[in-house]
Each structure stands twice: as C-alpha cells, then as structure tokens.
Amino acid sequence: LHYPLRRQRQMCIRDSEKLAKLPHSDKILLKIVVEGARWEREEAIKLLYKFHIEFLRKNLEGLLLSENEEVRELIGSLMHDGSVADPAQLIEPLMKALTSSDDAERARALESLLNLISMPGIKEKIDPKPVIKILETGPIDQQIAAVKILRLLAAEEAIPALVKASAVNQPALARYALEALLDMNAAKDPEVFARHLEDAEGHMRALAFRGLKATVPRNLSLDSPLARRIERAAEKERDAEARRQAAILLAWLDLQIAFNYADSLLLTGSTTTEDMLAAIAAFDLLGERRAISRLVELTNDGNPEVRLAATQALGHVGDRSVLKTLNRLLEDPDSAVREAAQIAIAEVAPREIPPPETPPT
C-alpha cells in the first residue's frame, strides 16, 4: 500500500481480506481516502467501513471537513443509511465550523450540511442563525449554499435575508432566493417578483410570473399599474418557460388578453407537452366556454398527462356539451384518465337526488 504506483495500490486494495489483517491498515486506508484517486477512495472507504468501522467513526468529523470535495461527498453518501454513525452527533462540529474565520472551512461545513440535511433528525439540529449570517455577509458561493440550506430548513427568521438576496445583482443567488421564498410560501410582497419582469434572464422572468401568481390578489384591478405592467411584460416575452408562467398568471388575474395568450401556446410550430399543460391550466382558471373546443382537442393527445389535465379541466368548466367527450374518455387506455372522466361526468351532470318520500299519515 506504500507503493507509489497506482496499479500496485489498486492490486492491494482489491485483496481486501489480506489488507484488513495488515498492521496499521486502518491508517493506511485513511491516507488513501484522503490522497488517492476516486476509485481508490471509494474502495478504501468500503474497507474501513467493513473492517475498521470504529476507527472510521473517530475520523468522520475530519473527513466531513476535508479539503477534498469528493471525500466529503463519499462520506456523506456512506452516512445516509445511518449505520456508520448518528449524523446528528456530527452537526455540532459542523455548526461550529460555520462560525470559523476561515472561508474554506465554512465552505466545507456548508457543503457537508447540504449532504446530510435530508437525513432524518438532522434539520432539527441545525441552528439557522449562523447560516443566515453567511447569507448576509459571506462570499457568493457560500451565500448560494446558505440559501439552499435555509430553503430546506424553511426557517421563518431567514425570510428578510432571503428577500434581500432576491434583489441583488447576482443572478444565481437571486434565483435561489426567489425559489426558496416560493417553496417556503414566504413571499408576500408582489414587488419582490415584479422587479424581475424585465430581467435579462428568461428563467428569472419565469420566476417573476410564477411568484406574482403567489402574491398578487386575484381581485387585482384590471386598470392597476401592476396589471398593465404584467400585460406588457407578457406580450413581449419570448422565453418558452416564461410564456407558460405568464399564461397562467394572466388567467389567474382574468386579464383581458388571458384567453388569446394561453391559446397562442398551442399555435406555435413546436408546441411541447409543457406548453399544452400550461395552456390547459390557464383555460381551467378562466373556466370559459370558449376553451371547450381546445380542451376537447387536447383529450386526443398521445400523452396521457395531457389527456388527464384536459379531462379534469372539462369537468371544471361544467358544461353539459362535453358529456359526449367525457363518456368517450371512460374507455381511455390510461386508468387515471378514465377515473378523471368519471369524476368530471359527476361534476358536469350530477345525478338528481329524488326528494324523500312523505311518510303515510
């Protein structure tokens, strides 16, 4: 194992039963984990886990703060089954590292927390305060990692810092902050999203339309400056995802251009499944009879996801003229579509309940 040539090291690693019996093999394997190539690291970690698990547990803290990103990822993956150690026991040293004056140590701690945070019992052990401080004052890469952690923690005390981060001139950070606010259902001020309607990045404009649907009241005055601003942004939008989100927002607010805008998603030469689903969602929100013909057409689409959405929307429109289509869908090859058709029929033509009989006198 002390041989410098990779091939010789690999030959020794493969002979794991003999390796486990060598004196000081635990320390040698740990050295390979830290300094070896990726394949060697993976095999060495497996051998430590199999033959020297107590030694591995003693060194977990150092490995989780290793300067090597691959080592941190490998240890994080190994810990996910809970058999190496209780991950909650390692949170304290990681939290301590978040307050370190060493930028690199803080970055490593953030990445290790991200690797562990989805495990049971971990979120409850993480104090959001040092993570919020990093979001407010740290380098951009650490701020992004902090936003990802706070998003998973859904920490209410992080909302002001996330709102502030959503307005910075750093597209990646602003994007993650907006997504965190949406996931946490924490966005309340429409301007947080409206400021991105004219953003240079299409995915940011898509987030702006999506966020406005979550924050703008549905009874917004059609003549309000914000309504006009939304219409202007939608009409000049060319990004596909942003147009889909715009169509849903326009229908949510029942703005004048909503129907034609949603219909335009179906009239392009390269209409995608996402376009059809967005148009259906918009038609469903509008609930207008003039959407029926489009929805009926979409129940013939080859994608069962599209047929399902169109079937559900037809039920919500509530017009008896669609019963023929819904009855046809009772024979659809997809079971979810058939079930949706049954529910839609019940919504469109509920059975009349006879009045109770009058008891004889």
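Our subject is the structure listed above.
The structure reproduced in this document is the subject of the present report. (Residues numbered from 1 in each chain as written. Predicted model: local features only at pLDDT ≥ 70, side-chain atom pairs only at ≥ 80, totals over all residues. Heavy atoms only, no water.)

## Looking at the overall build of the protein
Heads up, the condition is: Helix numbers and strand numbers start at the N terminus; a helix is a DSSP run of H or I with at least 4 residues, a strand a run of E with at least 2. To sort residues, take the accessible area from a 1.4 Å probe on protein chains only and compare it with the maximum for the residue type: under 20% means buried, over 50% means exposed, and anything in between is partly exposed. Each accessible area is a Shrake-Rupley estimate made with a 1.4 Å probe; only the visible protein chains count as cover when residues are assessed.
A tally of regular secondary structure across the protein gives 23 helices and zero strands. Sorting the 361 residues of the protein into buried and exposed places 48% on the buried side. Summing over all exposed atoms, the protein offers an accessible surface of approximately 19300 Å²; the carbon and sulfur share of this is 50%.

## Quick look at helix H13 (residues 171-183)
Definition in use: Expected span of a helix: the number of residues minus one, times 1.5 Å. Residue contacts are counted whenever heavy atoms from the two residues lie within 4.5 Å of one another.
In this model, H13 (13 residues) spans 18 Å end to end at C-alpha, consistent with the 18 Å of a helix rising 1.5 Å per residue. Here H13 has its buried residues at Leu173, Ala174, Ala177, Leu178, Glu179, Ala180, Leu181 and Leu182. Elements in contact with the buried residues of H13: helix H10 (128-137), helix H11 (140-153), helix H12 (159-165), helix H14 (191-194) and helix H15 (202-215). Asparagine 185 sits one or two residues past H13 and shows a positive phi near 55°.

## As for the pattern of salt bridges
We count it as follows: By convention in these notes, a salt bridge is any Lys or Arg side-chain nitrogen within 4 Å of a carboxyl oxygen on Asp or Glu.
As enumerated under the stated definition, the model contains 18 salt bridges in all. One salt bridge connects glutamate 179 with arginine 151, and the closest N-O pair in it is separated by 3.4 Å. Of this pair, glutamate 179 sits in helix H13 while arginine 151 sits in helix H11; the two residues are 28 residues apart in sequence, bridging distant segments of the chain. By relative accessible area, glutamate 179 is classed as buried at 15%. Between aspartate 223 and arginine 228 there is a salt bridge, and its shortest N-O distance comes to 3.6 Å. Three or more residues joined by partner-sharing salt bridges are found here, namely Arg151, Arg175, Glu179, Asp183 and Arg210.

## A few points about unusual backbone geometry
Positioned with a positive phi, asparagine 185 is a non-glycine residue whose angle comes to about 55°. Residue class for asparagine 185 comes out exposed when judged on its relative accessible area of 56%.

## Some details on H15
If you check H15, its first and last C-alpha atoms are 20 Å apart, about what 14 residues at 1.5 Å a residue would give, namely 20 Å. Among all positions of H15, only Gly202, Met204, Arg205, Ala206, Leu207, Ala208, Phe209, Gly211, Leu212 and Thr215 are buried. Tucked inside the fold, the buried residues of H15 contact H13, H14, helix H16 (225-235) and helix H17 (240-253).

## Some words on the nonpolar core
Condition: Nonpolar core, defined: a set of buried Ala, Val, Leu, Ile, Met, Phe, Trp, Tyr and Cys residues in which side-chain atoms within 4.5 Å join the residues together.
With 116 residues, the main nonpolar core has Leu135 and Ile230 as its most contacted residues. For this core, the element with the highest residue contribution is H17, accounting for eight residues.

## Here we look at the side chain of aspartate 275
Stated precisely, the cut-off is as follows: Polar contacts here mean pairs of N or O atoms no more than 3.5 Å apart (in protein, one a potential hydrogen donor and the other a potential acceptor; neighbouring residues in sequence count only if both atoms are side-chain atoms).
Structurally, aspartate 275 is set in helix H19 (residues 273-286). Among the residues examined, aspartate 275 registers a relative accessible area of 8% and is labelled buried. At a separation of 3.1 Å, a polar atom in the side chain of aspartate 275 contacts the main-chain amide nitrogen of threonine 272. Those residues in contact with aspartate 275, other than ones at most four positions away along the chain, are Arg244, Leu265, Leu266, Thr268 and Ser270.

## Side note on the packing of H19 against helix H21 (residues 304-317)
Formally: Helix axes use the C-alpha atoms of the stretch in contact, all axes being lines fitted to C-alpha atoms, and the angles between their N-to-C directions lie in the range 0 to 180 degrees. Convention used here: angles under 35 degrees read as roughly parallel, angles over 145 as roughly antiparallel, angles from 65 to 115 as roughly perpendicular, and any remaining angle as oblique. Any residue outside Ala, Val, Leu, Ile, Met, Phe, Trp, Tyr, Cys, Pro, Asp, Glu, Lys and Arg is labelled polar, Gly included; the first ten of those are nonpolar and the last four are charged.
As a packed pair, H19 and H21 sit with axes 9 Å apart at the nearest point and diverge in direction by 10°. Classified by the angle between their axes, H19 and H21 sit roughly parallel to one another. Across the interface between the two elements, Thr273, Met276, Leu277, Ile280 and Asp284 of H19 pack against Glu305, Val306, Ala309, Ala310, Ala313 and His316 of H21. Split into classes, the residues belonging to the contact of H19 with H21 amount to seven nonpolar, two polar and two charged.

## A closer look at the packing of aromatic side chains
The test is simple: Only centres within 6.5 Å qualify two rings of Phe, Tyr or Trp (six-membered ring in Trp) as a pair; their planes then separate them into stacked at under 30 degrees, edge-to-face at over 60, and tilted for everything else. Whether a charge sits over a ring comes down to the Lys NZ or Arg CZ being within 6 Å of the ring centre and within 35 degrees of the ring normal.
A complete count under the given rule lists one aromatic pair for this structure. Their ring planes at 35° and their centres at 5.3 Å tell us that phenylalanine 259 and phenylalanine 283 sit as a pair that is tilted. Residue phenylalanine 259 is located in helix H18 (residues 258-264), and its partner phenylalanine 283 is located in helix H19; the two are separated by 24 residues in the primary sequence. Owing to a relative accessible area of 9%, phenylalanine 259 belongs among the buried residues under this scheme. Judged by its relative accessible area of 0%, phenylalanine 283 falls in the buried class. The ring centre of tryptophan 252 lies 4.4 Å from the NZ or CZ of lysine 213, which sits over that ring. Residue placement shows arginine 243 over the ring face of tyrosine 261; its charged tip is 4.6 Å from the ring centre.

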